[in-house]
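# Geometric and topological summary
Letter by letter, the chains look like this.
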Amino acid sequence: MDMKYPIGKFQFDGEITKSVTMDWINEIEELPSLLQDAVKDLDNEQLDTPYRSGGWTVRQVIHHLADSHMNAYVRFKLALTEEKPVIKPYDETKWAELSDYKLPIDISLSLLEALHKRWTNLLLSLSPADMEKTFKHPDSGEVSVGKNIGIYAWHGRHHLAHITSLCSRKSW
């Protein structure tokens, strides 16, 4: 198994149908609960264990998910309310070194729970025309709202797999 990409990199070349989108939205909706279950029995030493050599700790992964998904939520709203907005990327590696990444994970788990409720509500309200709206990422280029739903469904599964695969390898 590739510990950096335990579920592989995001790939989707098919048609983004209503069914595909609903599956992705369900994954986004379920992520906070799955994360809480994955970390509920971990102590501070386990939370401060990197999921791979040179990787983030479980604590950093949880806080990263909160930061990343807050940014994603804003990007969706920008794409839905502006004409092809250019979004601002951020240095996630440097963010993971800031003091708030040492806080208890309950803070970010609660944030994710509330954020994903709002985000899911927004995603379920989208029309087919909304799915075609785009934003421009300075590094990735133009991204449609529909594809971005898939990217963030994958993103949640990707980091959840970092945690669950570490727990499995360590027999936690």
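Attention in this report is confined to the structure presented alongside it. Everything numeric here is computed off the predicted structure, so don't read it as measured data. (Residues numbered from 1 in each chain as written. Predicted model: local features only at pLDDT ≥ 70, side-chain atom pairs only at ≥ 80, totals over all residues. Heavy atoms only, no water.)

Within the chain, the secondary structure is distributed over seven helices and two strands. Counted from the first residue to the last, the chain has its helices and strands arranged as α-α-α-α-α-α-β-β-α. Here the chain has a C-alpha radius of gyration of 16 Å; the compact-globule value for 172 residues is 16 Å, and the two agree. Oriented by its inertia axes, the alpha-carbon framework of the chain measures out at about 45 × 30 × 30 Å. Put simply, 78% of the contacts in the chain that link residues at least 6 apart link residues at least 24 apart. Between the averaged position of the 20 positive side-chain charges in the chain and that of its 25 negative side-chain charges there is a distance of 3 Å. (Helix = DSSP H or I, 4+ residues; strand = E, 2+ residues; numbered from the N terminus. Rg over C-alpha atoms; globule rule 2.2 N^0.38 Å. Contact = heavy atoms within 4.5 Å. Lys, Arg positive; Asp, Glu negative; His and termini not counted. Charge placed at Lys NZ, Arg CZ, Asp CG, Glu CD.)

Before going further, it helps to examine the packing of helix 3 (residues 58-81) against helix 7 (residues 145-170). The geometry of helix 3 relative to helix 7 is characterised by a closest axis approach of 11 Å and an angle of 175° between their N-to-C directions. Relative to helix 7, the element helix 3 is oriented roughly antiparallel. Seen from helix 3, the contacting residues are Val58, Val61, Ile62, His64, Leu65, Ser68, His69, Ala72, Arg75, Phe76, Ala79 and Leu80; seen from helix 7, they are Val145, Asn148, Ile149, Tyr152, His155, Gly156, His159, Ile163 and Leu166. Here the contact of helix 3 with helix 7 is composed, by residue class, of 13 nonpolar, seven polar and one charged. (Axes fitted to C-alpha atoms, helices over the stretch in contact; angles between N-to-C directions. Parallel < 35°, antiparallel > 145°, perpendicular 65-115°, else oblique. Nonpolar A, V, L, I, M, F, W, Y, C, P; charged D, E, K, R; others polar.)

Applying the stated criterion across every chain, the model contains five aromatic pairs. Ring pairs connect the aromatic residues Phe10, Phe12 and Trp24, which therefore count as one cluster. Here the guanidinium or amino end of Lys9 rests over the ring plane of Tyr5, the centre of that ring lying 5.0 Å away. (Phe/Tyr/Trp six-rings, centres within 6.5 Å; stacked < 30°, edge-to-face > 60°. Lys NZ or Arg CZ within 6 Å of the ring centre and 35° of its normal.)

For helix 5 (residues 105-124), which comprises 20 residues, the first-to-last C-alpha distance of 28 Å matches the rise-based estimate of 28 Å (1.5 Å per residue) to within 8%. Within helix 5, the full set of buried residues consists of Ile105, Ser108, Leu109, Leu112, Leu115, His116, Trp119, Thr120, Leu122 and Leu123. Down the axis of helix 5, the buried set is contained in an arc of 145°. They therefore lie on one face. In helix 5, the exposed residues that point more than 90 degrees away from the buried face are Asp106, Lys117, Arg118 and Asn121. On its buried face, helix 5 is in contact with helix 1 (18-39), helix 2 (44-47), helix 3 and helix 7. (Expected span 1.5 Å × (residues − 1). Buried < 20%, exposed > 50% of the residue type's maximum accessible area, 1.4 Å probe, protein only. Arc of directions from axis to C-beta.)

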